[in-house]
Amino acid sequence: EPEVTQTPSHQVTQMGQEVILRCVPISNHLYFYWYRQILGQKVEFLVSFYNNEISEKSEIFDDQFSVERPDGSNFTLKIRSTKLEDSAMYFCASRPQQGPGNTIYFGEGSWLTVV
Amino acid sequence: AQKVTQAQTEISVVEKEDVTLDCVYETRDTTYYLFWYKQPPSGELVFLIRRNSFDEQNEISGRYSWNFQKSTSSFNFTITASQVVDSAVYFCALMGDYKLSFGAGTTVTVRA
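Residues numbered from 1 in each chain as written. Chains lettered and ligands numbered in written order. Predicted model: local features only at pLDDT ≥ 70, side-chain atom pairs only at ≥ 80, totals over all residues. Heavy atoms only, no water.

## Some points on the state of the cysteines
Evaluated as defined, the whole model comprises two disulfides over all chains. In this model, A:Cys23 is linked to A:Cys92 through a disulfide, with the two sulfur atoms separated by 1.9 Å. What sets the handedness of the A:Cys23 and A:Cys92 disulfide is the S-S torsion sign, and at about -65 degrees it is left-handed. Of this pair, A:Cys23 sits in strand β3 (residues 19-24) while A:Cys92 sits in strand β9 (residues 88-95), placing them 69 residues apart in sequence. Taking relative accessible area as the criterion, A:Cys23 reaches 1% and is therefore assigned buried. Each disulfide pairs two cysteine sulfurs, and for B:Cys23 the partner residue is B:Cys92, the sulfurs being separated by 2.0 Å. (Disulfide = S-S within 2.5 Å. Helix = DSSP H or I, 4+ residues; strand = E, 2+ residues; numbered from the N terminus. Buried < 20%, exposed > 50% of the residue type's maximum accessible area, 1.4 Å probe, protein only.)

Below, the structure written as structure tokens:
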């Protein structure tokens, strides 16, 4: 069964460092997402990406965040200068193009710890 | 704006008991989609079920069943004959504008 894959599964970084989280969405999917879950809290939308551009972003997704699809398979989230409050599980997700109600499938998450 | 409320923070049951998780949502959309996801202790988000707003027929899938009532904006989820492997956080989610809005989650603990 096709799945969304994410790397790394866990990363520890020092405050102020840049971090890149990588994702390989399901191959025939065209909408891509990043979500965040701070420990013990709800899953929060960060950004959606379609047709090589951001289609929507939340208030959380400020100037220190960026996304990119550098090639035909990878989808990355970059945090330019990490803060302690960026510590969270980051989920990549994807969905097919057809129909607004198609299921969004999530990767296993990348746990980011900022120290 | 989309909003999903899961009033139950934690539920603890003994194996083989049924568990019903409540979910209430708010949306201005006339067409929308509701989901349940499971997050086991390993952390991943696993899709369980999806429901369209224009289809209120309730269904059963194995040990899972759901009760969608548009009149009360509720989308409740039941696990029948719970097992220890069902222990997880369960999230109700609403899709609008092509993105999901999640509830706060309900932690289910099934004791042997």
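## Considering the sheet that holds strand β7 (residues 65-68) of chain A
Residue and element names in this part refer to chain A. Strand order in the open sheet formed by four strands is β1-β3-β8-β7, with antiparallel pairing between adjacent strands. Of all the strands in the sheet, the pair left with one neighbour each is β1 (5-7) and β7. The mean angle between the axes of side-by-side strands here comes to 20 degrees, regardless of whether they run parallel or antiparallel. Pairing between β3 and strand β8 (residues 75-79): five bridges, direction antiparallel. Each bridged residue has a counterpart across the sheet, and for isoleucine 20 the counterpart in β8 is lysine 78. (Pairing = 2+ DSSP bridges. Axes fitted to C-alpha atoms, helices over the stretch in contact; angles between N-to-C directions.)

## Some remarks on the packing of aromatic side chains
Working definition: an aromatic ring pair is given by the centre-to-centre distance plus the angle between the planes. The full count for this structure, using the stated rule, is 26 aromatic pairs over all chains. On the numbers, 5.9 Å between centres and 70 degrees between planes, the contact of A:Tyr105 with B:Phe47 is edge-to-face. Here B:Phe47 lies in strand β6 (residues 46-52) and A:Tyr105 lies in strand β10 (residues 105-106), a pairing that spans two chains. With a relative accessible area of 31%, A:Tyr105 lands in the partly exposed category. Taking 5.8 Å as the distance between ring centres and 50 degrees as the angle between the ring planes, the aromatic pair formed by B:Tyr37 and B:Phe102 counts as tilted. (Phe/Tyr/Trp six-rings, centres within 6.5 Å; stacked < 30°, edge-to-face > 60°.)

## A few points about the interface of chain A and chain B
With 21 residues of chain A in contact, the opposing surface of chain B contributes 18 residues. Here chain A and chain B share an interface that buries about 1,700 Å² over both sides, 60% of which is from carbon and sulfur atoms. For the pair chain A and chain B, the interface holds one salt bridge. The closest approach of N and O atoms between A:Glu56 and B:Lys99, which form a salt bridge, is 2.7 Å. Within the residue set of the side of chain A that touches chain B, elements represented by two or more residues are β4 (31-37), β5 (43-50), β9 and β10 of chain A. Here the side of chain A that touches chain B gets four residues from one element, more than from any other, and that element is β4(A). A class-by-class count of the residues in the side of chain A that touches chain B yields eleven nonpolar, six polar and four charged. (Contact = heavy atoms within 4.5 Å. Buried area = accessible area lost by both parts, 1.4 Å probe. Salt bridge = Lys/Arg side-chain N within 4 Å of Asp/Glu carboxyl O. Nonpolar A, V, L, I, M, F, W, Y, C, P; charged D, E, K, R; others polar.)

## Some words on the pairing of β7(A)
Residue and element names in this part refer to chain A. Residues of β7 alternate between two faces, with Phe65 and Val67 buried on one and Ser66 and Glu68 left unburied on the opposite face. Bridge count for β7 against β8 is four bridges, and the pairing is antiparallel. Bridged to valine 67 within β8 is leucine 77.

## Overview of the pairing of β4(A)
Residue and element names in this part refer to chain A. In terms of burial, β4 is largely enclosed, as seven of its seven residues are buried. Where burial is concerned, the two faces of β4 agree: the one with Tyr31, Tyr33, Tyr35 and Gln37 and the one with Phe32, Trp34 and Arg36 are both buried. With seven bridges joining them, β4 and β5 adopt antiparallel strand pairing. In the sheet register, glutamine 37 faces β5, and the bridge partner there is valine 43.

## Details of the side chain of A:Gln6
Residue and element names in this part refer to chain A. Counting through the fold element by element, glutamine 6 comes out in strand β1. According to the relative accessible area criterion, glutamine 6 is buried, its value standing at 11%. Separated by 3.0 Å, the side chain of glutamine 6 and the backbone nitrogen of glycine 109 make a polar contact. Here serine 110 takes part through its side chain, which lies 3.4 Å from a polar atom of the side chain of glutamine 6. Those residues in contact with glutamine 6 that lie beyond four places of it in its chain are Arg22, Cys23, Trp34, Tyr90, Phe91, Cys92, Gly107, Glu108, Gly109 and Ser110. (Polar contact = N/O pair within 3.5 Å; in protein donor to acceptor, adjacent residues only side chain to side chain.)

These values are about where atoms sit, not about what they do.
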